[in-house]
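The primary structure of each chain is shown beneath.
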Amino acid sequence: MKVSIRGKNITLTEGIESKITNKLSTLDKYFIMSDNVEAKVLVRTYPTSQKIEVTIPTEYVLLRAEVVDDDLYNAIDLVIDKLEGQIRKYKTKLSRKSKDKKLAFNLSSIEPLDHEEEDVVVKTKSISPKPMDLEEAIMQMELIGHAFFVYKDVETNLISVVYKRHDGGYGLIETE
């Protein structure tokens, strides 16, 4: 697997890059065509913590994990654990959905989860998005206590989604 590492507010030392590359190489056993897979790693430092984000796009699934911790080396270990957990979780789903059994993963090297749960839609809701601007959409989302809100943007007349981000800000998804 190829590894691309970037740093924000941090100088990436050889030790940090080596630790990240070595830890990510433990995931190679899960991938059939490791040369085609590129892990993108972003390391950030904040005044009181360190954050590592890892994104691994494969042919069938996008693996993404992020961890914030006081210790960067501990965060690296934790993000690898999260990625391995995602791989185990998707093992059954991927094997069911792949018709030709040519998966991006080497399924024989993945340990199955002890208890796998089926994804079940528990509620279906139809909405008629109301025209409004972004500020009003954020206010509506806060009023109803949801983590996202779907609305029709008054300027573009297109459906948009505003959502709360884990870092405390807001995100916006716009349709084309």
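Residues numbered from 1 in each chain as written. Predicted model: local features only at pLDDT ≥ 70, side-chain atom pairs only at ≥ 80, totals over all residues. Heavy atoms only, no water.

Asks: Could you clarify how one ought to interpret the overall build of the protein in this entry?
Replies: Counting secondary structure elements, the protein contains three helices and eight strands. Ordered by position from N to C terminus, the α and β elements of the protein give β-α-β-β-β-α-β-α-β-β-β. The burial tally for the protein puts 31% of its 176 residues in the buried class. Within the protein, contacts between residues separated by at least 24 positions form 40% of all contacts whose residues are at least 6 apart in sequence. Within the structure as shown, the protein displays about 11800 Å² of accessible surface, and the carbon and sulfur contribution to it stands at 50%. (Helix = DSSP H or I, 4+ residues; strand = E, 2+ residues; numbered from the N terminus. Buried < 20%, exposed > 50% of the residue type's maximum accessible area, 1.4 Å probe, protein only. Contact = heavy atoms within 4.5 Å. Areas by Shrake-Rupley, 256 points an atom, 1.4 Å probe, with all protein chains shown as cover.)

Asks: Help me out: how do you make sense of the pattern of salt bridges in this one?
Replies: Opposite charge on two side chains permits them to pair, given that their charged atoms come into close proximity. Considering all chains together, one arrives at nine salt bridges under this definition. For E66, the salt bridge is made with R64, and the minimal N-O distance between the two is 3.0 Å. A residue is classified by how much of its surface remains accessible, and E66, at 21% relative accessible area, is partly exposed. (Salt bridge = Lys/Arg side-chain N within 4 Å of Asp/Glu carboxyl O.)

Asks: Help me understand unusual backbone geometry in this model?
Replies: Apart from glycine, the bulk of residues carry a negative phi angle, and the bulk of peptide bonds sit in the trans form. A positive phi angle, near 65°, is found at N9, a position not held by glycine. Along the chain, the position of N9 falls in the loop between strand 1 (2-8) and helix 1 (14-25). On the basis of relative accessible area, N9 is assigned to the exposed category, the value being 67%. Look at N157: it is not a glycine, yet its phi comes out positive at around 65°.

Asks: Looking at this structure, I do not really get the side chain of E53. What am I missing?
Replies: Relative to the assigned elements, E53 resides in strand 3 (residues 50-57). There is a polar contact of 3.2 Å between the side chain of E53 and the side chain of R64. Excluding anything up to four places from it in sequence, E53 contacts K40, V41, L42, R44, R64, A65 and E66. (Polar contact = N/O pair within 3.5 Å; in protein donor to acceptor, adjacent residues only side chain to side chain.)

Asks: Looking at this model, I keep getting lost on helix 3 (residues 134-144). Mind explaining?
Replies: Since the α-helix advances by 3.6 residues per turn, residues separated by three or four positions end up pointing in the same direction. Among all positions of helix 3, only A137, I138 and M141 are buried. All buried residues of helix 3 project into a common sector of 100° when viewed along the axis, lining one side. Turned more than 90 degrees from where helix 3 packs its buried face, E135 and L143 sit exposed. Contacts made by the buried residues of helix 3 are with strand 5 (131-132), strand 6 (148-153), strand 7 (159-164) and strand 8 (170-174). Directly beyond the C-terminal end of helix 3, a positive phi value near 75° is found at G145. (Arc of directions from axis to C-beta.)

Asks: Help me out: how do you make sense of a negative patch on the surface in this one?
Replies: Residues D133, E135, E136 and E155 make up a contiguous surface patch of negative charge. By secondary structure assignment, the location of E135 is in helix 3. In this structure E135 comes out as exposed when scored by relative accessible area, which is 66%. (Patch = residues over 30% accessible without salt bridge, like charges linked within 9 Å, V, L, I, M, F, W, Y side chains within 5 Å. Lys, Arg positive; Asp, Glu negative; His and termini not counted. Charge placed at Lys NZ, Arg CZ, Asp CG, Glu CD.)

Asks: Before we go on, may I ask you to explain the side chain of S49 in this structure?
Replies: Position of S49 among the secondary structure elements: in the loop between strand 2 (38-45) and strand 3. Filtering out sequence-adjacent residues up to four positions away, S49 remains in contact with V68, D69 and D70.

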